[in-house]
Amino acid sequence: MKKLILSCLLLLTTCFALKAQDKQAIVKLMHDQQTAWSKGDLDGFMQGYWKSDSLMFIGKRGPTYGWQQTLENYKKGYPDKAAMGKLTFRIDKVELLSKQDAFVMGAWSLAREKDAPGGYFTLWFRKINGEWKIVCDHTS
């Protein structure tokens, strides 16, 4: 009986540890994105996204499909470091939906010389080849 209880405790501890590691990996990815953006590095920022034609980005102009198209849209909207400003994320929720899917909700803000736009985001993360990637981004 003691072995059964100890086995169950070990299993629960392992599950909680794995969930914590996954959440930390997602938060780190977003921190890396924030850092890359603030350095004016759109290519670095895009490393957090699934490099696929199936990537979906939903903004105020509606959905965009594909990693390359999303990058091109960012380059049009933010042509230089001054336009990009300093990005800050506020992460309000990271919820693991399964071993390979997660939901993230929060807010973003830019500090720029002449303004400070901001808004909210919801992200669907998927673990692909052992790495968490954004597969759908809805940002307003």
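Residues numbered from 1 in each chain as written. Predicted model: local features only at pLDDT ≥ 70, side-chain atom pairs only at ≥ 80, totals over all residues. Heavy atoms only, no water.

If you check an unreviewed UniProt entry, the protein chain appears there as Nuclear transport factor 2 family protein from Mucilaginibacter aquariorum.

## Describing the nonpolar core
The biggest cluster of nonpolar side chains holds 28 residues, and the ones touching the most others in it are Phe-45, Tyr-49 and Phe-125. Of all the secondary-structure elements, those providing two or more residues to this core are α1 (2-38), α2 (42-45), α3 (67-77), β3 (86-96), β4 (101-111), β5 (118-128) and β6 (131-139). Take this core: its biggest share by element is five residues, from α1. Setting aside its immediate chain neighbours within four residues, Phe-45 contacts Gln-33, Ala-36, Trp-37, Tyr-74, Leu-87 and Phe-89. (Core = buried A, V, L, I, M, F, W, Y, C linked by side-chain atoms within 4.5 Å. Buried < 20%, exposed > 50% of the residue type's maximum accessible area, 1.4 Å probe, protein only. Helix = DSSP H or I, 4+ residues; strand = E, 2+ residues; numbered from the N terminus. Contact = heavy atoms within 4.5 Å.)

## Side note on the layout of surface pockets
A volume near 670 Å³ is recorded for the largest pocket. Contributing to the lining of the largest pocket are 29 residues, with Phe-57, Gly-59, Tyr-74, Tyr-78 and Thr-139 lying nearest its centre. Mapped onto the lining of the largest pocket, the elements with two or more residues apiece are α1, β1 (56-59), β2 (62-65), α3, β3, β4, β5 and β6. A per-element tally of the lining of the largest pocket places α3 first, with four residues. (1 Å grid on protein atoms, 1.4 Å probe; cavity = no way out; pocket = protein on both sides within 12 Å on 5 of 7 lines; lining within 4 Å. Points joined across faces, edges and corners; volume = space filled by probe spheres on them.)

## Observations regarding the sheet that holds β4
Here six strands make up an open sheet; going across it, the order is β2-β1-β6-β5-β4-β3 and the pairing mixed. Pairing within the sheet leaves two strands with one partner each, and these edge strands are β2 and β3. Here the average twist between neighbouring strands, direction ignored, is 30 degrees. Two strands pair when backbone bridges link them, and β1 and β2 are joined in this way by four bridges, in the antiparallel orientation. (Pairing = 2+ DSSP bridges. Axes fitted to C-alpha atoms, helices over the stretch in contact; angles between N-to-C directions.)

## Quick word on the side chain of Gln-34
With respect to the helices, strands and loops of the structure, Gln-34 is situated in helix α1. Note on Gln-34: relative accessible area 19%, which makes it buried. With near-sequence residues (within four places) excluded, Gln-34 lies in contact with Leu-87, Thr-88 and Phe-89.

## Here's the deal with the packing of aromatic side chains
Between two aromatic rings, the relevant description is the distance of the centres plus the angle of the planes. Inspection of the entire model under this criterion finds eight aromatic pairs. Seen in terms of ring centroids, Trp-37 and Tyr-74 are 5.5 Å apart; in terms of plane orientation they differ by 75 degrees. Their pairing is edge-to-face. Of this pair, Trp-37 sits in helix α1 while Tyr-74 sits in helix α3, and the two are 37 residues apart along the sequence. Accessibility expressed as a relative area gives 3% for Trp-37, which makes it buried. (Phe/Tyr/Trp six-rings, centres within 6.5 Å; stacked < 30°, edge-to-face > 60°.)

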